[in-house]
Every structure is written in structure tokens, then in C-alpha cells.
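These are the residues of each chain, in order.
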Amino acid sequence: MIRLVGYEVVDWVLVIIGEVLVAIGVFCDLMGALGMLRFPNFFVRLHAATVGTIGGAVVPILGAALIAAGCDFLGYYRWFMSGAAVVTAVLILIIAPAGSHVLARATHRSKTVPVEPKVVDMLEEESRGGE
Amino acid sequence: MKYERALIAVAIVVFILVLSYAVTLGAMGSTLPPRDLRLLAKLYLWLAINPWTRNLTVMSPEAVTSIVWDFRGLDTFFETAVLYLAIIGTVAIYRGVYASSKSREVPISEDEVGMSPIAKSVTKITLPIVIAVAVAIALHGHLTPGGGFQGGSTAAVILLLVLVVFSLQYSIRMGITKGSTLALRSAGLLGIAVTSILVLILGLLVGCQSFIFQNQPKAYAPVGVPAFLDGMLVSGTLILFNIFECLAVAAGLTLTFILVLTHEEEIRSVMKGDRHE
């Protein structure tokens, strides 16, 4: 039997939210991997890769931070694990989009890959109008 | 063409299989080291930090760092020398190339060169974080895995990113030049050299026996670098080696990146002899 006294409820809620986030991460990783294999060209595959890095890395790491914060048996050290996980998640959240942005921008500018499933390409129109 | 690729793949697989089979059969010698070598490993672990045998210990809980910079310090010194000979070779090949020195007079703003503002902002945010991590790795080298080389490589990664994202011209205007990195690298190497003979100099001043690469006081050489600094464990010479190695590696690798990123036309003009400086 689990005694549901104040802080224990908070711990349980933290662990459950964390596990839900990890599950979301697993789903995003799976979708990202499928997209990397099945999508036709560079830009849409890059989209799949970013699903894998943000949904599949930042979200589950935040979930791991919550799980660590809710695990009372880890003692004092859980705050170290939780803090390190949050810092890692924030760093990935900042760095990964910049990386994919640089990749996409360089590819678009060098015209290596045609922008294939395209509705509107403001960047191309702008560069053509500027010339 | 297709057959060639298949042939290469098959050859690699066969090579690895034969090699692993030979190793399993004992072609490279016995799989277990001899008993006297196993005793050596035991001694390393026993003596890495051992305040009760002060004549033999390194006073560092990190067994790898204590082996690398104390038990076999001379070996590491020559390993470091090999890396710096490679960097010196690069500098010698690129002699006379001062990485777009003419752009130093023309003022350029940050927005004109380099990658997009998003990439620049992210690099600005991550620069202090990565430098802090690199310094922490180097300063904790005698306590946790890592050390000067690892810390220096970490710092060199973010400096390479700065060189690429902000463009070489802008980095040179901001002071990351061939001259400054060369000076920092030389300062690091000088620090390593002085640290390696620090206890020898101390021994000569005091007038007792001492060795090169000595760290803690030994039985017949009762001088050494203090293992504790204001109650903190610094493991004598190990922290000095790690600091100077970090500086030298970061500056040396950045120097190589600067030279590699230099425009080919400029190098060719120097090699043809069009320009003298």
C-alpha cells in the first residue's frame, strides 16, 4: 500500500508526467526514423530529422529530468541528475534548430536540391526579385 | 563498378574475420598479460592516491591522469611533442601566409560576412557555455575523467565554429589570428616544459636530489609540489600540466583550422612569390 501523503503525491505526479513525455519522445523518434527512410528528398527528410531532435530528444530528456526529480530513493543526487538533464535539454533546444537552419539555408542557396513539394517559396522569389 | 564495391566489402569482412580469428587463437600473444604486468596494474591503482605512502603516491584519485602525467610523464611529453610537430609542420608549409592580412585594414561589419544571424546568435550563446565546460574538464583533470587534452579539444571545437560561422575575416579582426594563436600555443608548451623541470629546479635551489617529471616528494628527493592548495586537492604538477596542455591544444588546433580555412588564391600568391611580408 502506498501512503498518499503530500510530497509523495507530488513525486508520483512528476514521475507520471515524465513517463508520458518519454513516451511522446519514443513516438517522435519512431516517426522521425520512418520519415528519414521514406521521405523523398533532402528538405522533407530534414524536417523528419528535426522531429527526431526536438520531439525525440528534448522532450524525453525533460521527461527524464522530471522522473529523476520525482524519485525520492535517489536522495540528494536526484537534483544533480535533474538539473543536468534540464541544461542538456535547453542546450539541444537552442543548438539543434540552428544546425538544421544552417543546413537548409546552405542547401537552398547553393540550389543543390530542388524544393520539390512546394506551395510557395518566398526566399527564392525574394532572391530572384533582388537580382 | 558494382563488382568492385562488392569485392571491397567482401575483402574488408574477410580481413576482419581472419584478424579476429587469429587474435582469438592467440596469434598476437597470450590473451592474458603475464603475472608481473598484472602486479603493475595493481600497484598503479594502489599508489594513485595513497596518503599513507607519501613517498610513492601521486595524490590524484584519477588513475589515468596519474599514470599519464606522473608515472609515465616523459612518455606523454613525447606524445605531446608528436602532435605539436605536426602543427609546426602545418605552420611551416603555410609560412608567409598571414590569413587575409589585407582585410585587416578594411573595416567590415558583422552583418556583411559569415552565416545567417540565427547561426551567429546561437554561436554567441553557446560560446561561453562550451568554454566553461572546457575549462572545467581541464581543471578537474586530476579528479574526474578528462584532462588538458580533452578540455583543449572541446574549446577548439567552439573556436572552429566561431571561425566558420563568423567567417575567417571577421575572426581575424576580432583577434583570433595566426600570431595570437601561435603565441598562446607557445605559452602552453613553455608551461609544460617548465612544469616538467619545476621540481628539478626546486631541488637544485634547495640543494637536494630531484628528478625531471617529479611530482610528490620521493624517498631520496624530499622536494615536491604541494598536493593541497588551501585545502583543495590539486595533485601537485598534474593541475599545472592540465592547464597548460588545455591552452596549448586549444590554441594549436585553432591555428591549424585558421590555416586550413585560408583562401587558396592567397596561399598560391604567397607560394608564387607575388607577395612578400
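Draft legend 1. Focus on the overall build of chain B. Counting secondary structure elements, chain B contains 11 helices and 2 strands. In chain B, the succession of helices and strands from N to C terminus is α-α-α-α-α-α-α-α-α-β-β-α-α. Residues counted as buried form 33% of the 277 residues belonging to chain B. Sequence separation of at least 24 residues holds for 66% of the intrachain contacts in chain B that already meet a minimum separation of 6.

Draft legend 2. Representation of the overall build of chain A. Looking only at helices and strands, one finds 4 helices and 0 strands in chain A. Relative to a compact globule of 131 residues, whose C-alpha radius of gyration would be 14 Å, chain A shows 20 Å and is clearly more extended. Projected onto the principal axes, the alpha-carbon positions of chain A cover approximately 70 × 25 × 20 Å. Partitioning the contacts of chain A with sequence separation of at least 6, the portion at a separation of at least 24 is 68%.

Draft legend 3. Representation of helix 1 (residues 2-25) of chain B. All names here are of chain B. Given a rise of 1.5 Å per residue, 24 residues ought to cover 34 Å, and the 35 Å separating the end C-alpha atoms of helix 1 matches this to within 8%. By the criterion of burial, helix 1 is predominantly exposed, with just 0 of the 24 residues buried. Note on helix 1: the residue one or two positions beyond its end, Gly26, has a positive phi of about 100 degrees.

Draft legend 4. Structural context of the environment of Ile108 of chain B. The residue Ile108 of chain B is located in the loop between helix 4 (73-93) and helix 5 (117-139) in this model. The sequence separation of Ile108 of chain B and Ile192 of chain B amounts to 84 residues, and the corresponding C-alpha distance is 38 Å.

Draft legend 5. Spotlight on the domain arrangement of chain B. Partitioning chain B into domains gives domain 1 (1-31) and domain 2 (73-272). Taken over C-alpha atoms, the centre of domain 1 of chain B sits 39 Å from the centre of domain 2 of chain B.

Draft legend 6. Inspection of the nonpolar core at higher detail. All names here are of chain B. Among the nonpolar cores identified, the biggest contains 42 residues, and Leu159 and Ala250 are the most heavily contacted of them. Taken together, the elements giving at least two residues each to this core come down to helix 3 (63-71), helix 5, helix 6 (148-165), helix 7 (168-173), helix 8 (178-196) and helix 10 (237-261). Discounting chain neighbours no more than four positions away, the residues touching Leu159 are Ile176, Ala250 and Thr254.

Draft legend 7. Geometry of the environment of Leu47 of chain B. All names here are of chain B. You can see Leu47 is positioned in helix 2 (residues 35-47). Its 18 C-beta neighbours within 10 Å are what place Leu47 among the partly exposed residues. Through-space distance from the C-alpha of Leu47 to that of Met232 is 19 Å; in sequence the pair is 185 residues apart. Ignoring any residue separated from it by four or fewer positions in sequence, one finds Leu47 in contact with Thr53, Leu56, Thr57 and Val58.

Draft legend 8. How the structure looks around the environment of Asn41 of chain A. All names here are of chain A. Mapped onto the secondary structure, Asn41 falls in the loop between helix 1 (6-38) and helix 2 (42-70). C-beta crowding within 10 Å serves as the criterion here: with 12 such atoms nearby, Asn41 is assigned to the exposed category. Through-space distance from the C-alpha of Asn41 to that of Lys118 is 12 Å; in sequence the pair is 77 residues apart. In contact with Asn41, not counting residues within four places along its chain, are Val113 and Glu116.

Draft legend 9. Expanded view of the packing of helix 3 (residues 78-110) of chain A against helix 5 of chain B. Their axes nearest at 9 Å, the elements helix 3 of chain A and helix 5 of chain B cross at an angle of 150 degrees. Comparing their axes, helix 5 of chain B and helix 3 of chain A come out roughly antiparallel. Our pair here, helix 3 of chain A against helix 5 of chain B, has a crossing hand that is left-handed. For the pair helix 3 of chain A and helix 5 of chain B, contact is made by Ile94, Ile95, Ala98, His101 and Val102 of chain A and by Ile118, Ala119, Val122, Ile125 and Thr126 of chain B, respectively. In the contact of helix 3 of chain A with helix 5 of chain B, the residues fall into 8 nonpolar, 2 polar and no charged.

Draft legend 10. Layout of the interface of chain B and chain A. With 7 residues of chain B at the interface, the matching set in chain A holds 6 residues. Per-class residue counts for the side of chain B that touches chain A are 5 nonpolar, 2 polar and no charged.

Draft legend 11. Expanded view of the confidence of the model for chain B. Residue and element names in this part refer to chain B. Chain-level pLDDT for chain B is 86 on average; 93% of the residues reach the 70-or-more range. Per-residue pLDDT, averaged within each element of chain B, yields its smallest value for helix 11 (residues 264-272) (79) and its largest for helix 6 (93). Our summary of model confidence lists the complex with pTM equal to 0.79 and ipTM equal to 0.75.

Draft legend 12. Focus on helix 6 of chain B. Residue and element names in this part refer to chain B. With 18 residues, helix 6 should reach 26 Å at 1.5 Å per residue; the first-to-last C-alpha distance of 26 Å fits that figure. Listed in full, the buried residues belonging to helix 6 are Gly148, Phe149, Gly151, Gly152, Thr154, Ala155, Ala156, Ile158, Leu159, Val162, Leu163 and Val165. Two residues or fewer past helix 6, Ser167 is found with a positive phi of approximately 70 degrees.

Draft legend 13. Structural context of unusual backbone geometry. Backbone geometry at Lys111 of chain A places phi at a positive 55 degrees, although glycine is not the residue there. Along the chain, the position of Lys111 of chain A falls in the loop between helix 3 and helix 4 (122-130). On the neighbour-count criterion, Lys111 of chain A (9 C-beta atoms within 10 Å) is exposed. Phi is positive for Ser235 of chain B, which is not a glycine, with a value near 55 degrees. Positionally, Ser235 of chain B belongs in the loop between strand 2 (232-233) and helix 10.

Draft legend 14. Seen up close, the packing of helix 5 of chain B against helix 10 of chain B. All names here are of chain B. Relative to each other, helix 5 and helix 10 sit at 145 degrees, their axes nearing to 8 Å. Taking contact as the criterion, the partners of Ala134, Ala138 and Leu139 in helix 5 are, on helix 10, Ile239, Asn242, Ile243 and Cys246. Considering only residue class, the contact of helix 5 with helix 10 consists of 6 nonpolar, 1 polar and no charged.

Parameters and conventions
- Residues numbered from 1 in each chain as written.
- Chains lettered and ligands numbered in written order.
- Predicted model: local features only at pLDDT ≥ 70, side-chain atom pairs only at ≥ 80, totals over all residues.
- Helix = DSSP H or I, 4+ residues; strand = E, 2+ residues; numbered from the N terminus.
- Buried ≥ 20, exposed ≤ 12 C-beta atoms within 10 Å, placed from the backbone.
- Contact = placed C-beta atoms within 7 Å.
- Rg over C-alpha atoms; globule rule 2.2 N^0.38 Å.
- Expected span 1.5 Å × (residues − 1).
- Domains from an automatic or database assignment.
- Core = buried A, V, L, I, M, F, W, Y, C linked by C-beta atoms within 7 Å.
- Axes fitted to C-alpha atoms, helices over the stretch in contact; angles between N-to-C directions.
- Parallel < 35°, antiparallel > 145°, perpendicular 65-115°, else oblique.
- Left-handed = near helix turned anticlockwise from the far one by under 90°.
- Nonpolar A, V, L, I, M, F, W, Y, C, P; charged D, E, K, R; others polar.
- pLDDT = per-residue confidence, 0-100.

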